[in-house]
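Architecture at a glance
Given next are the chains, with one letter for each unit.
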Amino acid sequence: MSIHARVLGIAQDAGVPHVGCSCARCNRQRSGPLRVACLGLLGASGRTYLIDATPDFNAQTAALPAFPSGIALTHAHMGHYTGLMYLGREGVSAARIPVYCTPAMWAFLRRNEPWKSLGRDGYVEYQKHEVGERFELEPGLELESVEVPHRNEHADTVAYLVHGPQNTLLYLPDIDRWELDLPALLDRCDTALLDGSFFSKDELGSRSEEVPHPPIEETLALLSREHACKVRFTHLNHSNPTLLAGSAEWNRVQSTGARIAQEGERLPL
Ligand SMILES: [Zn+2]
Ligand SMILES: [Zn+2]
Ligand SMILES: [Zn+2]
């Protein structure tokens, strides 16, 4: 099998339709919900891996050719790690499946139930890697974490550079502001899945200060054409008009060379 990444979801943590919402965008997705942002990795060995364990863990693992042999976590917000609950006794009763995380995330998971019991009872094995460290999932497939500024109530937040034999992919679903050098990161990768929670600040009205996230239009303004062509936006909030292919905002993204990520899309590694 060729080594590649597969987009397993593109929605913000609480999905689309958003829990409790009946806006036009949510109503349109009722018969076909968009899954929460997640990336599958398929190695040459036939093994698979996940970046993030979402509330859609069940459907997302079922979409892979094999159950994941390891899971790397970006941070401790509900859409990114709570899928670990499926690994315990009521779920697959996994046998010490490696869960890769930063030292701060490792400490959070080992301190708090039910994640603490998952580790103590041997369903998962939390493995910490320093931020910035590069480590191997299997020969030919490596991850390198990158520190990301984000509201860190419980632990910290990272993105991952996924290094395959041919290509490098950046997976960065959640960020508060572009304090890090985005063009320099894009120079280091062939494709980048970036936080596209909102198209513009207008979507949030009076809440725009509460929920930071650089809107897509601000991110695009930072990019050269060459860099924009590497970018796919993911982690879309239900308010985001680019959820509708063909909308004026969707067309604006396309005109720069960037794309909205698609569930099921394969990206070569
Ligand atoms: Zn998120
Ligand atoms: Zn909605
Ligand atoms: Zn978050």
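Residues numbered from 1 in each chain as written. Chains lettered and ligands numbered in written order. Predicted model: local features only at pLDDT ≥ 70, side-chain atom pairs only at ≥ 80, totals over all residues. Heavy atoms only, no water.

1. Focus on the coordination of the zinc ion (ligand 2)
For the zinc ion (ligand 2), the full set of protein donor atoms is Cys21 (SG), Cys23 (SG), Cys26 (SG) and His238 (ND1), and the range of their distances to it is 2.1 to 2.4 Å. Taken together, the four donor atoms coordinating the zinc ion (ligand 2) span angles of 103 to 118 degrees at the metal, a pattern that classifies the geometry as tetrahedral. (Donors = N, O, S within 2.8 Å, 3.2 Å for Na, K, Ca; no water. Tetrahedral: all angles 85-135°; square planar, octahedral: opposite > 155°, others 65-115°.)

2. Here we look at the side chain of Thr234
Looking at the element boundaries, Thr234 is found in strand β12 (residues 231-234). In this view, Thr234 contacts Gly9, Ile10, Ala37, Tyr171, Pro173, Leu193, Leu194, Asp195, Gly196, Ser197 and Ala261; residues no more than four positions away in its chain are not counted. (Helix = DSSP H or I, 4+ residues; strand = E, 2+ residues; numbered from the N terminus. Contact = heavy atoms within 4.5 Å.)

3. A few points about the side chain of Arg232
By secondary structure assignment, the location of Arg232 is in strand β12. Taking relative accessible area as the criterion, Arg232 reaches 18% and is therefore assigned buried. Within the structure, Arg232 has its side chain in polar contact with the side chain of Glu265 (distance 2.7 Å). Leaving out residues up to four positions away in the same chain, Arg232 has contacts with Thr191, Ala192, Leu193, Leu194, Arg259, Ala261, Glu265 and Leu267. (Buried < 20%, exposed > 50% of the residue type's maximum accessible area, 1.4 Å probe, protein only. Polar contact = N/O pair within 3.5 Å; in protein donor to acceptor, adjacent residues only side chain to side chain.)

4. Concerning the coordination of the zinc ion (ligand 1)
Taken together, the protein ligands of the zinc ion (ligand 1) are Asp13 (OD), His80 (NE2), Asp174 (OD) and His235 (NE2), with distances of 2.0 to 2.1 Å. Around the zinc ion (ligand 1) sit four donor atoms; with metal-centred angles ranging over 85 to 168 degrees, the donor geometry is irregular. A gap of 3.6 Å separates the zinc ion (ligand 1) and the zinc ion (ligand 3), which Asp174 links by coordinating each metal. Here Asp174 is found in the loop between β10 (168-172) and α6 (182-187), whereas its partner His235 is found in the loop between β12 and α9 (248-256), with 61 residues between them in sequence.

5. Some thoughts on the sheet that holds strand β11 (residues 191-195)
Pairing in this open sheet of seven strands is mixed, and the strands run β7-β8-β9-β10-β11-β12-β13 from one edge to the other. Lying at the two open borders of the sheet, with one neighbouring strand each, are β7 (134-138) and β13 (259-260). Pairing analysis gives two bridges linking β12 to β13, with the strands arranged parallel. By the bridge assignment, Arg232 is partnered in β13 with Arg259. (Pairing = 2+ DSSP bridges.)

6. Quick notes on the packing of aromatic side chains
Counted under the stated rule, the structure contains five aromatic pairs. Considering the side-chain rings of Tyr100 and Phe135, the 5.2 Å spacing of their centres and the 35 degrees angle between planes classify their relative orientation as tilted. Separated by 35 residues along the polypeptide, Tyr100 in strand β5 (residues 97-101) and Phe135 in strand β7 bring together distant segments of the chain. Taking relative accessible area as the criterion, Tyr100 reaches 7% and is therefore assigned buried. Ring pairing ties together the aromatic residues Phe57, Phe67 and Tyr86, which thus form one cluster. Seen from the ring of Trp106, Lys128 lies directly overhead, with NZ or CZ sitting 3.7 Å from the centre. (Phe/Tyr/Trp six-rings, centres within 6.5 Å; stacked < 30°, edge-to-face > 60°. Lys NZ or Arg CZ within 6 Å of the ring centre and 35° of its normal.)

7. Side note on the environment of Ala59
Among the structural elements, Ala59 can be located in helix α2 (residues 57-62). Given the relative accessible area of 27%, Ala59 is considered partly exposed. For the pair Ala59 and Leu109, spaced 50 residues apart in sequence, the C-alpha to C-alpha distance is 23 Å.

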